[in-house]
Amino acid sequence: MSTTIDPRVAVIVVGAGSGTRLGRNEPKAFVPLAGRPNLSRALDAVFAMAEPAQVIVTVPSSFVEIAEQLIREVPGAESRATTVIVGGSTRQESVAAALALLQPSVDVVLVHDAARPLTPSAIFDSVAAHVHSTGAGVVPGLPVTDTIKRTDGNGQIVETVDRSVLAAVQTPQGFPRAQLVAAHEAANREFTDDAAVVAAAGYPVAVIPGDHLSFKITTAWELRRAEQLFTTPAASDIRVGTGTDVHAYDETKPLWLAGLYWPDEVGLRGHSDGDVVSHAICDALLSAANLGDLGSVFGTSDPRFAEAHGDVFLREALRLLQDAGFEVGNVAVQIIGIRPIVSRRRVEAESLLSSVLGATVSLAGTTTDALGFTGRGEGVAAIATALVRARN
Ligand SMILES: Nc1ccn([C@@H]2O[C@H](COP(=O)(O)OP(=O)(O)OP(=O)(O)O)[C@@H](O)[C@H]2O)c(=O)n1
Ligand SMILES: C[C@](O)(CO)[C@H](O)COP(=O)(O)O
């Protein structure tokens with residue numbers, strides 16, 4: 001990726017965790033939040049920092065290319081030197097792997113969770129400024145508002161902890177490079193954050209005010225809470241639509257499905273590329289906004305759509321929808337057929353369709369127990385449900 005000359009600051013964004021507590025198929029960094037992966041949203045703030053910074057992102061081993069592609073689409077990516085690497089089996093190992101790649105000019109390192117996608121950019125600036133000015137580690141944190149009890153581990157309260165001395169700490173956590181590197185080298189056990197690694201090595205770490213938007217997405221509840229921050233329309237502004245499309249297999253055609261080309265799979269017959277997923281989504285969007293249907297909007301006589309791929313239809317449907325004063329909330333699609341196996345490329349397809357629509361698109365696949373035309377392997381069907389909102 002592009003290069004920034006001699007940055008003094010590096011930001012390590014750790015996104016190599018699997019997100020077991022969130023319980024999704026894809027790693028947490030790649031789970032969409034209002035249409036864009038958590039990692040992309042976390043990088044919005046990093047790339048908007050005032051100071052030039054080297055950026056290192058850790059991801060699970062099979063996600064390096066996907067991350068590189070996502071990062072290219074984040075505003076400001078072209079002006080930051082960004083490297084994607086495979087993380088370790090713990091958060092601490094992921095940070096250590098990234099530390100090995102720091103540029104010589106870097107003297108301050110910030111470590112941020114990809115799981116904190118809404119952290120404001122100003123927090124990064126303020127953490128970096130504190131480390132520059134004090135020469136010591138600093139972490140953003142919030143006062144604890146609940147009363148905290150220490151238990152015996154079996155549900156019995158042992159004592160009430162004095163909460164006035166507690167802070168719930170967040171990321172980005174910033175440190176002088178030499179301290180963070182030395183502390184990670186010296187660490188002889190696992191810690192849950194870098195402040196603990198650095199403190200265990202004997203260096204001081206201060207807490208500065210954090211931000212409520214910096215909350216970590218750990219469980220489904222926090223993901224929902226984050227989604228709600230993007231979407232709080234009046235109930236009357238919400239519309240839903242359903243779309244269905246079916247095409248027969250055609251051995252002579254390449255397969256285009258969900259906006260992707262599927263090599264080595266039997267294609268689908270159609271006026272365009274036969275992409276039932278994209279077409280069902282278009283119908284769902286158009287019907288939600290009361291704009292007609294695929295046949296009436298994209299007539300087969302219109303040369304723009306002969307052989308066109310799904311994204312052409314989707315962009316045009318989105319344009320019509322936006323012109324009519326709507327925006328897309330989310331789209332859910334079920335693909336019914338015996339092949340291809342949707343799960344093999346679900347993450348890739350969801351990411352592509354979500355980026356075209358600027359909203360979360362989720363895909364599910366099912367077979368029909370050998371019943372009906374899909375069960376007999378004659379073709380593929382897709383059913384899409386779209387939620388759209390009227391813009392005020
Ligand atoms: N081996 C790991 C484990 C975690 N992380 C990152 O550390 C951050 C904070 O960790 P956490 O919220 O615990 O994420 P997960 O480990 O993915 O979640 P879980 O514990 O639920 O599996 C996340 O951005 C996660 O991707 C990482 O880079 N490498
Ligand atoms: C680094 C961290 O986000 C600071 O609050 C936190 O310690 C990560 O902990 P987890 O157990 O890996 O979620």
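Above this note sits the structure.
Let me sum up the structure you'll find in this document. (Residues numbered from 1 in each chain as written. Chains lettered and ligands numbered in written order. Predicted model: local features only at pLDDT ≥ 70, side-chain atom pairs only at ≥ 80, totals over all residues.)

Structural notes on the overall build of the protein
Item 1. A count of helices and strands for the protein gives twelve helices and 19 strands.
Item 2. Put simply, 74% of the contacts in the protein that link residues at least 6 apart link residues at least 24 apart. (Helix = DSSP H or I, 4+ residues; strand = E, 2+ residues; numbered from the N terminus. Contact = placed C-beta atoms within 7 Å.)

Thoughts on the site of ligand 2
Item 1. Near ligand 2 the following residues occur: Arg 91, Asp 113, Val 169, Gln 170, Thr 171, Thr 192, Asp 193, Lys 216 and Thr 218.
Item 2. Tallied by class, residues from the shell around ligand 2 come to one nonpolar, four polar and four charged. (Near = placed C-beta within 6 Å. Nonpolar A, V, L, I, M, F, W, Y, C, P; charged D, E, K, R; others polar.)

What about the pairing of strand 13 (residues 238-250)?
Item 1. Looking at chain direction, strand 13 and strand 19 (residues 379-390) are connected through eleven bridges and run antiparallel. Bridging across to strand 19, Arg 239 finds its partner in Val 388.
Item 2. Sheet topology note: the strand 13/strand 16 (residues 267-268) ladder contains two bridges and is antiparallel. The partner of Tyr 249 across the bridge, within strand 16, is Leu 268. (Pairing = 2+ DSSP bridges.)

Comments concerning the nonpolar core
Item 1. With 58 residues, the main nonpolar core has Val 11, Ile 12, Val 13, Val 46, Ala 67 and Phe 124 as its most contacted residues.
Item 2. Residues contacting Val 11, with those up to four places away along its chain left out, are Val 46, Ala 53, Val 55, Leu 110, His 112, Phe 124 and Pro 172. (Core = buried A, V, L, I, M, F, W, Y, C linked by C-beta atoms within 7 Å. Buried ≥ 20, exposed ≤ 12 C-beta atoms within 10 Å, placed from the backbone.)

Points about helix 11 (residues 346-357)
Item 1. With twelve residues, helix 11 extends 16 Å between its outermost C-alpha atoms, agreeing within 8% with the 16 Å of an ideal straight helix rising 1.5 Å per residue.
Item 2. For helix 11, the buried fraction is high: nine of the twelve residues fall into the buried class.
Item 3. Val 347, Ala 349, Glu 350, Ser 351, Leu 353, Ser 354, Ser 355, Val 356 and Leu 357 are the residues of helix 11 that are buried.
Item 4. Among the residues trailing helix 11, Gly 358 stands out with phi positive, at a value near 65 degrees. (Expected span 1.5 Å × (residues − 1).)

Some remarks on the packing of helix 8 (residues 276-288) against helix 10 (residues 310-323)
Item 1. Where helix 8 contacts helix 10, the axes come no closer than 9 Å and their chain directions differ by 10 degrees. By the angle between their directions, the pair helix 8 and helix 10 is classed as roughly parallel. On the side of helix 8, the interface is formed by Val 277, Ser 278, His 279, Ile 281, Cys 282, Leu 285 and Leu 286, while helix 10 contributes Gly 310, Phe 313, Leu 314, Ala 317 and Leu 321.
Item 2. Grouping the amino acids of the contact of helix 8 with helix 10 by side-chain chemistry returns nine nonpolar, three polar and no charged. (Axes fitted to C-alpha atoms, helices over the stretch in contact; angles between N-to-C directions. Parallel < 35°, antiparallel > 145°, perpendicular 65-115°, else oblique.)

Concerning unusual backbone geometry
Item 1. Looking along the chain, the bond that leaves Thr 171 and enters Pro 172 is cis, with omega of 10 degrees.
Item 2. As for its placement among the helices and strands, Pro 172 is situated in the loop between strand 10 (167-169) and strand 11 (173-176).
Item 3. Its identity as a non-glycine residue notwithstanding, Asp 369 has a phi of 55 degrees, on the positive side.
Item 4. With respect to the helices, strands and loops of the structure, Asp 369 is situated in the loop between strand 18 (360-366) and helix 12 (372-375).
Item 5. The phi torsion at Ala 370 lies on the positive side, around 70 degrees, for a residue other than glycine.
Item 6. By the element assignment, Ala 370 lies in the loop between strand 18 and helix 12.

Geometric descriptors of this kind do not, in isolation, establish any biological role.
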